[in-house]
Amino acid sequence: MMNIDQALPLLGGLSPREFMRRHWQRKPLLIRQAIPGFKPSLSITDIRQLVKREEVESRLIWRDAKGWNMKTGPLSKLPPQKQANWTALAQSVDLHDDATAALLRQFRFISDARLDDAMISIASDGGGVGPHFDSYDVFLLQAHGKRRWRISQQKDLTLIPGMPLKILQNFQPEDEYVLEPGDMLYLPPHVAHDGIAEGDCMTISIGFRAPTEATLACGMLEAANDQIMANLGDIGGFYATPVIPGPVLSDTYKDPGVAATETPAALPGGLVDAALAAIRKLQFDEALAARFLGQWLTDLPENADFDPSSDDLDLAQDFPPSGELVLDRCTKMMYWNDSLFINGEVAPVTAGPLLRRLADERRLDCSPALGAELTQVELALMTEGLEDGWLHYSA
Ligand code: SIN
Ligand code: CO
């Protein structure tokens, strides 16, 4: 695992602990040669090909005499590199390229729950997305050519109305940096910025995500809803023990002895009370929050996909004495206490120390000792992972 107290070139000589304390969500950081001698795994030509693909989310942004323009992908034809003032952006390249996924993992001193994706932009001279701000933290890693970044901590974040993209009305740059390959700029949310390509340019944005309160609250309500429905069981009946820990709301409203009414259109007060009493039975507790978050945060994007493995290795039968088990680049695996979440589902096993290690390190070294330590259910789960392709074995 990563030593969070070790000074890293990636963070300009700060340790992850120091970076998180001083800069994360607080202030920008320019890092010269964050990755010395950085060579991107994908070339400008590769990205020109990538944005043509149906499963890759992409945008083309260009500026002309009339202003800003945007087209969403797939982008079958990009302008030539020698035509100025355009940029093409490919979202979540980490889902499609192993080396980009590995680059993203260098930032795992921040939890997976916050890490979002690696976006790659290519641009011709003068290209960029215009002065804007983002709601999330971002590391902007220069991958090829040069980009001139101007940034501002201005309070005025008014946008020009009626634009196809977010453009600040009154951008007043305070600092300016020209980034070369391997240089990186960290920006917390809401710092205004504008990056303009100087010649052919490629920039990789390591992006984060942060849910709104509304998303969290709605997610909790949905999880409570799932919990209620799961525990109601089949028509007419309900299970003796809850399928998902929590209340079984199977009682029917009763009103023996209720008075005759002269106002039949009025809602019975007893029914209003019963609705309130039912909702009070819900337990909005940590278990429910973890269940919602674990499933939601490991949910796979639509464009993620696994290659089911061709070799059928049964780990319970013959556990490999060497080699390693590695999570697929698209696999999302998180845990909370005993609960384990894999690719949007609650795993049918307890999150024991070995499965937690697999989630944290994304790999396990195989050995006879490991084979003996893993339980039958863990071996079965991992064998299923190999079959489905969310886990791989490499000798
Ligand atoms: C870019 O790569 O040009 C856009 C990154 C950003 O400003 O958020
Ligand atoms: Co931005």
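Below, the structure is looked at part by part. (Residues numbered from 1 in each chain as written. Chains lettered and ligands numbered in written order. Predicted model: local features only at pLDDT ≥ 70, side-chain atom pairs only at ≥ 80, totals over all residues. Heavy atoms only, no water.)

**Describing the sheet that holds strand 12 (residues 339-342)**
Sheets are built from strands paired through backbone hydrogen bonds, the pairs being either parallel or antiparallel. Strand order in the open sheet made by the 3 strands is 11-12-13, with antiparallel pairing throughout. Looking at strand neighbours, the two that pair on one side only are strand 11 (333-336) and strand 13 (345-346), the edges of this open sheet. The sheet contact formed by strand 11 and strand 12 spans 4 bridges and is antiparallel. Directly across from Trp336, in strand 12, lies its bridge partner Ser339. (Pairing = 2+ DSSP bridges. Helix = DSSP H or I, 4+ residues; strand = E, 2+ residues; numbered from the N terminus.)

**Regarding the nonpolar core**
Counting residues in hydrophobic clusters, the biggest one holds 42 residues, and the most contacted among them are Phe19, Phe139, Ile204 and Ile206. Every element with two or more residues in this core is listed here: strand 1 (29-31), helix 2 (44-50), strand 4 (86-90), helix 3 (98-105), strand 5 (115-123), strand 6 (138-152), strand 8 (184-187) and strand 9 (192-208). In contact with Phe19, not counting residues within four places along its chain, are Leu11, Leu14, Trp24, Leu29, Phe109, Phe139 and Tyr186. (Core = buried A, V, L, I, M, F, W, Y, C linked by side-chain atoms within 4.5 Å. Buried < 20%, exposed > 50% of the residue type's maximum accessible area, 1.4 Å probe, protein only. Contact = heavy atoms within 4.5 Å.)

**With respect to the packing of aromatic side chains**
Both the distance between ring centres and the angle between the ring planes are used here to describe each pair of aromatic rings. One pass over the structure, following the stated rule, counts 10 aromatic pairs. Between Phe19 and Phe139, the ring centres sit 5.5 Å apart and the planes meet at 35°, which makes this aromatic pair tilted. In this pair, Phe19 is assigned in helix 1 (residues 16-22) and Phe139 in strand 6, connecting sequence segments 120 residues apart. Owing to a relative accessible area of 0%, Phe19 belongs among the buried residues under this scheme. Residue classification places Phe139 among the buried residues on the basis of a relative accessible area of 0%. For the ring pair Trp24 and Tyr186, a centre distance of 6.1 Å and an interplane angle of 25° mean the geometry is stacked. Placement of the pair is Trp24 in the loop between helix 1 and strand 1 and Tyr186 in strand 8, with a sequence separation of 162 residues. Ring-pair connections join several aromatic residues into one group, and the members of that group are Phe19, Trp24, Phe107, Phe109, Phe139, Tyr186 and Phe208. (Phe/Tyr/Trp six-rings, centres within 6.5 Å; stacked < 30°, edge-to-face > 60°.)

**Considering the site of ligand 1**
Near ligand 1, the surroundings consist of Met119, Ser121, His132, Asp134, Leu140, Arg147, Trp149, His193, Thr203 and Ser205. Ser121 is positioned with one of its side-chain polar atoms (N or O) 2.7 Å from an oxygen atom of ligand 1. His132 is positioned with one of its side-chain polar atoms (N or O) 3.2 Å from an oxygen atom of ligand 1. For ligand 1, whose unbound accessible area comes to 260 Å², protein coverage reaches 94%. Elements supplying a minimum of two residues to the shell around ligand 1: strand 5, strand 6 and strand 9. Partitioning the shell around ligand 1 into residue classes produces 3 nonpolar, 5 polar and 2 charged. (Near = heavy atom within 4 Å. Polar contact = N/O pair within 3.5 Å; in protein donor to acceptor, adjacent residues only side chain to side chain. Areas by Shrake-Rupley, 256 points an atom, 1.4 Å probe, with all protein chains shown as cover. Nonpolar A, V, L, I, M, F, W, Y, C, P; charged D, E, K, R; others polar.)

**What to know about the coordination of the cobalt ion (ligand 2)**
Listed as protein donors to the cobalt ion (ligand 2) are His132 (NE2), Asp134 (OD) and His193 (NE2); their distances from the metal cover 2.0 to 2.1 Å. Here the donor residues of the cobalt ion (ligand 2) share one chain and are spaced in sequence as H-x1-D-x58-H. Taken together, the positions of His132 in the loop between strand 5 and strand 6 and His193 in strand 9 put the pair 61 residues apart, joining distant regions of the chain. The pair formed by His132 and His193 is uniform in burial state, with each residue classed as buried. (Donors = N, O, S within 2.8 Å, 3.2 Å for Na, K, Ca; no water.)

**Overview of the environment of Ile204**
Tracing the sequence through the fold places Ile204 in strand 9. Given the relative accessible area of 3%, Ile204 is considered buried. Remark: the alpha-carbon pair of Ile204 and Ile120, spanning 84 residues in sequence, is separated by 4.5 Å. If near-sequence neighbours (up to four positions away) are discounted, Ile204 is found in contact with Phe38, Leu103, Ala118, Met119, Ile120, Phe139, Leu140, Leu141 and Ala143.

**Examining a nonpolar patch on the surface**
On the surface, Leu267, Val272, Leu276 and Ile279 cluster together to form a nonpolar patch covering roughly 390 Å² of accessible area. Within the secondary structure, Leu276 is located in helix 5 (residues 269-280). (Patch = residues over 30% accessible without salt bridge, like charges linked within 9 Å, V, L, I, M, F, W, Y side chains within 5 Å. Salt bridge = Lys/Arg side-chain N within 4 Å of Asp/Glu carboxyl O.)

**Some remarks on unusual backbone geometry**
The residue after Gly73, namely Pro74, is reached through a cis peptide bond having omega 0°. Secondary-structure assignment places Pro74 in the loop between strand 3 (67-72) and strand 4. Phi is positive for Gln25, which is not a glycine, with a value near 65°. As for its position among the elements, Gln25 is in the loop between helix 1 and strand 1. Classification of Gln25 by relative accessible area gives partly exposed; the value is 43%. One non-glycine residue, Ser92, lies in positive phi territory at about 45°.

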